Amino acid sequence: MNNFDPLWAPILTHYELADNLRLNKALIKKHMKWLEPSVKQFLVCGTTGDGWILSDKLINDWLEILTEKNFLTDQNKILFGAFGNTTKEVLHRAKLIEDYLTDHTCEASFFGLTLCAPVNETITQNGIIKHFEKIIENTLLPISIYQLPQVVKCEIKPETLKYLKDKFKKRIVLFKDTSDEDKVIDSKIDFGDLKFLRGAEKNYFDHIKPRGKYDGFLLSTANCFGKVLREILKEVEENNFEKAENLSKKLSDIIRVSFDKGERLNFGNPFSNVNKAFLHVIFNKEKFNDLNCKTCFKNNIPGDFLTYANGLLVENKLINSLK
C-alpha cells in the first residue's frame, strides 16, 4: 500500500425505516463525507458494519454506493469484508464483490478484501491455512487478514500468518488484530512489509508506534471520534506524547463506560449500537430523541440509551467539537 495512513474506520451500515430492510444510502454517504478530512479509509461490511449478517442484496447496494461516480476520490481507500462461517461462504461473498468490480469502477485508490478465519473452535492451524489458501488462490484483490476470535472462536497463530505472508507476498498487505492480546505482533517474527492495525479499543497511545508496536488503527470508534483519533496520531507524530496520552485516556474512558452499558442491550453488536447512538445524537442535535435510530434488527436503539450517549458527549465537552 502506497502512502500509508494509520487511521481506518469500520464504517457503520445505516438502514431505512421500511418493511424490507434496505440501506439508507443518503445517510451512509453523509456519514462518510462527514468523517473527512479526519478519516478517508474505510472497512465496509466489517463486524461493526453488520457484514456477517447482510444479505447479498445489501452487499450489492453497498457496492453501488462505493462505485457511484464522484463520491469517492483517490484519497480514499476501501477494504470490503468478505465474511462467512465457512470457506465456501467466504468465496461466495468474495466472488460477488469481485464480479461487481469487474463491471464497475471504484474511484478510491485502493480496494481490498478483508478475510477472517472460518468460524470453527476446533479447527487446526493447517485447516486455517487451507481456508486462506483456497480463498486467496481464487481471488484477485489485495488481502487484509483479520484476527477476530470473539466471533470465529479460533486464533491465527503468528507462524500461520508468517507462512501465508511468505507464500502470497504482495497479496497480503494488512493484518488487523481485535483480540486485545497482541500475540502476533508480540511474537518478534519478521513479517516483511505487512502493516499491522489494532482493532481493540482503549489505551490508544500505548499501542501506536513509537510507544507501541502497531502501524495504525482500525477502530469502531473512528465512526464518531475520528477527529479525536486523528489528533492523537498527529500529536504522536509531532512528539507531543503527553498531550497524546491525555487525549487517549479521555477517549478510553468514554469508550469503556459506553461499551459497558451498550453490552446490556439485548440485541446486536455493542460496537455497532454504541457508535450508532453517538452518531445519531451528533447528527440530529436536540431532536435526537424524536427520531428512530434504526438497526438491522427489529429493535431500534432505545431512547434512554440515546439520552445516555448525549449526556456522555456533553459531559466530556465533545458534543460541539464533533458536529
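Look a little higher up for the structure.
The rules behind each value
- Each residue is numbered by its place in its chain's sequence as written, counting from 1.
- With pLDDT at 70 or above as the cut-off, local features in this predicted model cover only qualifying residues; side-chain atom pairs require 80 or more to be listed or tallied, and sums for whole chains, interfaces and linings still use all residues.
- Each side-chain value is derived from all of the structure's non-hydrogen atoms; neither hydrogens nor water enter the calculation.
- Criterion for a salt bridge: a side-chain nitrogen of Lys or Arg within 4 Å of a carboxyl oxygen of Asp or Glu.
- In this text, helices come from DSSP runs of H or I with a minimum length of four residues, and strands from runs of E with a minimum of two, each type numbered from the N-terminal end.
- Burial here depends on accessible area, computed with a 1.4 Å probe over protein chains only, as a share of the maximum for the residue type. Under 20% is buried, over 50% is exposed, and the range in between is partly exposed.
- As used in this record, nonpolar core signifies buried Ala, Val, Leu, Ile, Met, Phe, Trp, Tyr and Cys residues forming a set joined through side-chain atoms within 4.5 Å.
- Two residues qualify as a contact provided that any one of their heavy atoms is within 4.5 Å of a heavy atom in the partner residue.

Enquirer: Help me get a handle on the pattern of salt bridges, residues and values and all.
Expert: Under the criterion given, the structure shown has 26 salt bridges. In this structure, the salt-bridge partner of aspartate 99 is lysine 95, at a minimum N-O distance of 3.0 Å. Within this pair, aspartate 99 and its partner lysine 95 are both found in helix 3 (residues 87-103), separated by four residues, close to a single helical turn. On the basis of relative accessible area, aspartate 99 is assigned to the partly exposed category, the value being 38%. As a salt-bridge pair, lysine 165 and aspartate 193 come within 2.7 Å of each other at their nearest N and O atoms. Highlighted residues: lysine 165 in helix 6 (residues 158-168) and aspartate 193 in the loop between strand 6 (172-177) and strand 7 (195-198), separated in sequence by 28 residues. Overall, the relative accessible area of 6% leaves lysine 165 in the buried class. Among the charged side chains, a network of salt bridges with common partners joins Glu155, Lys157, Glu181 and Lys183.

Enquirer: Describe the nonpolar core, with residues and values.
Expert: Grouped together as the largest cluster of nonpolar side chains are 101 residues, with contacts concentrated most on Trp62, Phe80, Ile97 and Phe111. Among the elements that take part in this core, helix 8 (residues 222-237) stands out by supplying eight residues, more than any other. When residues no more than four places from it in sequence are discounted, the contact partners of isoleucine 97 are Ile59, Leu63, Phe80, Gly81, Ala82, Phe111, Leu113 and Leu141. Core analysis: the next-biggest nonpolar cluster, separate from the first, contains eight residues, Trp8, Leu43, Leu174 and Leu197 among them.

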